[in-house]
Amino acid sequence: MKSAIYPGTFDPMTYGHLDIIKRAANIFDEVIVSVLDNKEKTPLFSVDERVKILRDVTADIPNVKIESFGGLLSDYCSEKNIFVVVRGLRAVTDFEYELQMSQMNRKLSNNKLDTVYLNTSLKYSYLSSSSVKQIAQFNGDLSDFVPDFVAEMLIERLGKKNQ
Ligand code: PNS
């Protein structure tokens, strides 16, 4: 069975992430989407909330599992004995950061870990969790970017300040 890990912050997930998850699920037998639990950063949504959102939106994809992880991605992958990481590439601007991360992960894993990139579908190439949060602050229309229940959570948390 060929498994892959799709790690990220997912604060919150967007349709861009979902697009990558669905396409990865078509390629691999099992895809584990793993939410980074980073104690140093203060995300908008807790790990539990981000995991729950992802579980809700992927409930109909049987070979996708949602988990969280802390510490180094390479250690987490070793623990799970999975050595393929999936990442989405939106534009050339993502490339440098992604390349550095992939090479570092490869080094940290004694050359075991490989990263597979899926290019984000064109219609989501400009989409990011940070832009979604900015739009929510001003009660903008999020319907093309995140599921309705996520838009409601975003507006509830960020948008009210401006009303
Ligand atoms: O969605 P993001 O924020 O682009 O995801 C980044 C993520 C979670 C994949 C990356 O920050 C990560 O793997 N963090 C864990 C720490 C780690 O392993 N760092 C070493 C690689 S440079």
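One can find the structure itself at the top, above this paragraph.
Residues numbered from 1 in each chain as written. Predicted model: local features only at pLDDT ≥ 70, side-chain atom pairs only at ≥ 80, totals over all residues. Heavy atoms only, no water.

What to know about unusual backbone geometry
Then, in step 1: Geometrically, the link from D11 to P12 is a cis peptide bond, its omega value of 0° lying close to zero.
Then, in step 2: Here F10, not a glycine, exhibits a phi torsion of approximately 50°, which is positive.
Then, in step 3: Position of F10 among the secondary structure elements: in the loop between β1 (3-8) and α1 (15-27).
Then, in step 4: With a relative accessible area of 3%, F10 lands in the buried category. (Helix = DSSP H or I, 4+ residues; strand = E, 2+ residues; numbered from the N terminus. Buried < 20%, exposed > 50% of the residue type's maximum accessible area, 1.4 Å probe, protein only.)

Digging into the pairing of strand β4 (residues 84-89)
Then, in step 1: Counting buried positions over the 6 residues of β4 gives 6, a clear majority of the element.
Then, in step 2: Going residue by residue along β4, you find V84, V86 and G88 tucked away on one face and V85, R87 and L89 tucked away on the opposite face as well.
Then, in step 3: Relative to strand β5 (residues 114-119), β4 runs parallel, the two being bridged by 6 bridges. Of the residues in β5, the one forming a bridge with G88 is L118.
Then, in step 4: Following the backbone out of β4, through helix α4 (residues 92-108) and into the adjacent parallel β5, one traces a crossover that is right-handed. (Pairing = 2+ DSSP bridges. Right-handed = clockwise from strand over helix to strand, strands pointing away.)

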